[in-house]
Amino acid sequence: MSNSIIHFNVDSTVKKNILEKISAFSSKKILLIGDVGVDEYVLGAVKRISPEAPVPVLEVDGEDKRLGLAANVAQNVVSLSGKVNLVSVVGADTGAEILKELLGKSNVPTEHLIVDEKRPTTRKTRVMTGHHHLVRVDYEVRRNLPAETEAKILQRVQDLLPTVDVVVLEDYAKGIFSVALVENIVALAKKSGKYLMVDPHQTKFAEFYKGVDLIKPNYNEALALSKIHEEDIENFNDRVLTVGRALQKMTGARDVVLTQGKEGMSIFSSDSQVVQVPTFAKKVFDVTGAGDTVIAALALGVASGLPLAQACVLANYAAGIVVGKIGCVPCELSELTATIQAQ
């Protein structure tokens, strides 16, 4: 394997090819499996302390509810004009009703959300004054699914695989994925010839995702997954190469896309050279949800036939748009097209 890094040149030919492939997004379908949730915000002003206890009193003047976790990935796929089948687990509760309503407004189908009455729908309520958090209230359990619920997920995946172009596992460590479920999905994807991508969680170990085609961690997640300590890397300048290659070997992934914020992305593909793709963010206000946008754009790019490096360029353009906004918001296809044409 080569230990050199080449910098990918984003010229007019590359941009033209990306723009041509974007027009095919509307005919592509992504199978997305992962944890879903609702992000709630209670907003207001604090002007006094409660007489009942030494705590601030928030005078509420607004509330906001947004799609979170894999649900945000799903709405990014749709906002980029792709189609998505979202497979996940929700409770029989208010959170599920809110989630389905928000998904409906974003044109994301909800028929593959499996109900487990013993689990709450993941919901994170942030009580805020200005940009300051007073408290966060979480409704969730993170234990593994019961066998019967896991079996339902696997059956949905098996039924849907023939109808999709790319499969994405979105792991937020809320309990959806077990080693057995990942192994079974990997086997089904390979049998059906579908490209399988994973957005991993750093609390897992690299081999948890054994057999996927592509894994997309950020640098810190890659360190955690590979159990490598930076101080043990002999040549600090080679740390990205060391971690990326280790993760590739441990997972058996053909491709590793290692995201690095303002440094862009490093792409490790089989025996070829490592390719560095630049970032395109002009202003960074909020990185919340940028990773969700990246995996959605990357999946659609690969599904549309873009070479991986060009799909990563596309994803970085999309991420550059959303980090310039406040909050967890999807990237719109019209914005993406205009941005690529203008730069």
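Residues numbered from 1 in each chain as written. Predicted model: local features only at pLDDT ≥ 70, side-chain atom pairs only at ≥ 80, totals over all residues. Heavy atoms only, no water.

Enquirer: How would you explain the environment of Tyr317 if you had to name every residue and give the values?
Expert: Following the sequence through the fold, Tyr317 ends up in helix H9 (residues 308–322). When the C-alpha positions of Tyr317 and Glu335 are compared, they lie 9.8 Å apart, and in sequence the two are 18 residues distant. With residues up to four places along the chain from it excluded, the contact list for Tyr317 reads Val10, Lys15, Phe280, Leu336, Thr339, Ile340 and Gln343. (Helix = DSSP H or I, 4+ residues; strand = E, 2+ residues; numbered from the N terminus. Contact = heavy atoms within 4.5 Å.)

Enquirer: Which residues make up the sheet that holds strand S8 (residues 132–139), and what values go with them?
Expert: The 4 strands are arranged S4-S3-S7-S8 in an open sheet whose pairing can be described as mixed. Edge positions in the sheet fall to strand S4 (56–69) and S8, since each has one partner strand and no second. Between one strand and the next, the sheet's axes are offset by a mean angle of 20 degrees, whatever the strand orientation. By the bridge criterion, 13 bridges tie strand S3 (residues 36–49) to S4 in an arrangement that is antiparallel. Its bridge partner being in S4, Val46 is matched across the sheet by Leu58. (Pairing = 2+ DSSP bridges. Axes fitted to C-alpha atoms, helices over the stretch in contact; angles between N-to-C directions.)

Enquirer: Quick rundown of the packing of helix H4 (residues 147–160) against helix H5 (residues 179–192)? Include the residues and the values.
Expert: For the pair H4 and H5, interaxial distance at closest approach is 11 Å and the crossing angle is 15 degrees. Judged by the inter-axis angle, H4 sits roughly parallel to H5. Crossing of H4 over H5 shows right-handed handedness. Taken together, the residues of H5 that come into contact with H4 (itself represented by Glu150, Ile153, Leu154, Val157 and Gln158) are Ala180, Leu181, Asn184, Ile185 and Leu188. Considered class by class, the residues forming the contact of H4 with H5 number 7 nonpolar, 2 polar and 1 charged. (Parallel < 35°, antiparallel > 145°, perpendicular 65-115°, else oblique. Left-handed = near helix turned anticlockwise from the far one by under 90°. Nonpolar A, V, L, I, M, F, W, Y, C, P; charged D, E, K, R; others polar.)

Enquirer: Could you give an account of empty space enclosed by the protein, with specific residues and numbers?
Expert: Evaluation of the coordinates by the stated rule reveals 1 cavity of 30 Å³ or more. When its volume is computed, the largest cavity comes out at roughly 90 Å³. Looking at the largest cavity, it is lined by 13 residues, and the ones nearest its centre are Val36, Val89, Arg119, Pro120 and Thr122. With 3 residues, strand S5 (residues 83–90) is the single largest residue contributor to the lining of the largest cavity. In the lining of the largest cavity, the residues fall into 6 nonpolar, 4 polar and 3 charged. (1 Å grid on protein atoms, 1.4 Å probe; cavity = no way out; pocket = protein on both sides within 12 Å on 5 of 7 lines; lining within 4 Å. Points joined across faces, edges and corners; volume = space filled by probe spheres on them.)

Enquirer: Now, about the pattern of salt bridges: what can you tell me, with residues and values included?
Expert: Under the defined criterion, the tally for this structure stands at 14 salt bridges. The partner of Asp138 in a salt bridge is Lys124, and the shortest N-O contact between them spans 3.3 Å. Placement of Asp138 in strand S8 and of Lys124 in strand S7 (residues 123–129) is noted, with a sequence separation of 14 residues between them. The class for Asp138 is partly exposed, based on a relative accessible area of 34%. Linking Arg142 and Glu140 is a salt bridge whose minimum nitrogen-to-oxygen distance equals 3.8 Å. A cluster of three or more residues bridged by salt bridges with shared partners is formed by Lys124, Arg136, Asp138, Glu140, Arg142 and Lys174. (Salt bridge = Lys/Arg side-chain N within 4 Å of Asp/Glu carboxyl O. Buried < 20%, exposed > 50% of the residue type's maximum accessible area, 1.4 Å probe, protein only.)

Enquirer: Could you give an account of the side chain of His112, with specific residues and numbers?
Expert: For His112, the position within the fold is in the loop between helix H3 (94–105) and strand S6 (113–115). In contact with His112, other than residues within four places in its own chain, are Asn85, Leu86, Val87, Ser88, Arg156 and Leu160.

Enquirer: Outline a nonpolar patch on the surface, supporting the account with residue identities and numerical values.
Expert: A surface patch of nonpolar side chains, amounting to about 350 Å² of accessible area, comprises Val46, Leu134, Val135, Val137 and Tyr139. When residues of the nonpolar patch are assigned to their parent elements, the largest contribution, 4 residues, is made by S8. Structurally, Val137 can be placed in strand S8. Looking at Val137, the relative accessible area reads 34%, which means it is partly exposed. (Patch = residues over 30% accessible without salt bridge, like charges linked within 9 Å, V, L, I, M, F, W, Y side chains within 5 Å. Areas by Shrake-Rupley, 256 points an atom, 1.4 Å probe, with all protein chains shown as cover.)

Remember that the coordinates give geometry; whether it matters functionally is a separate question.
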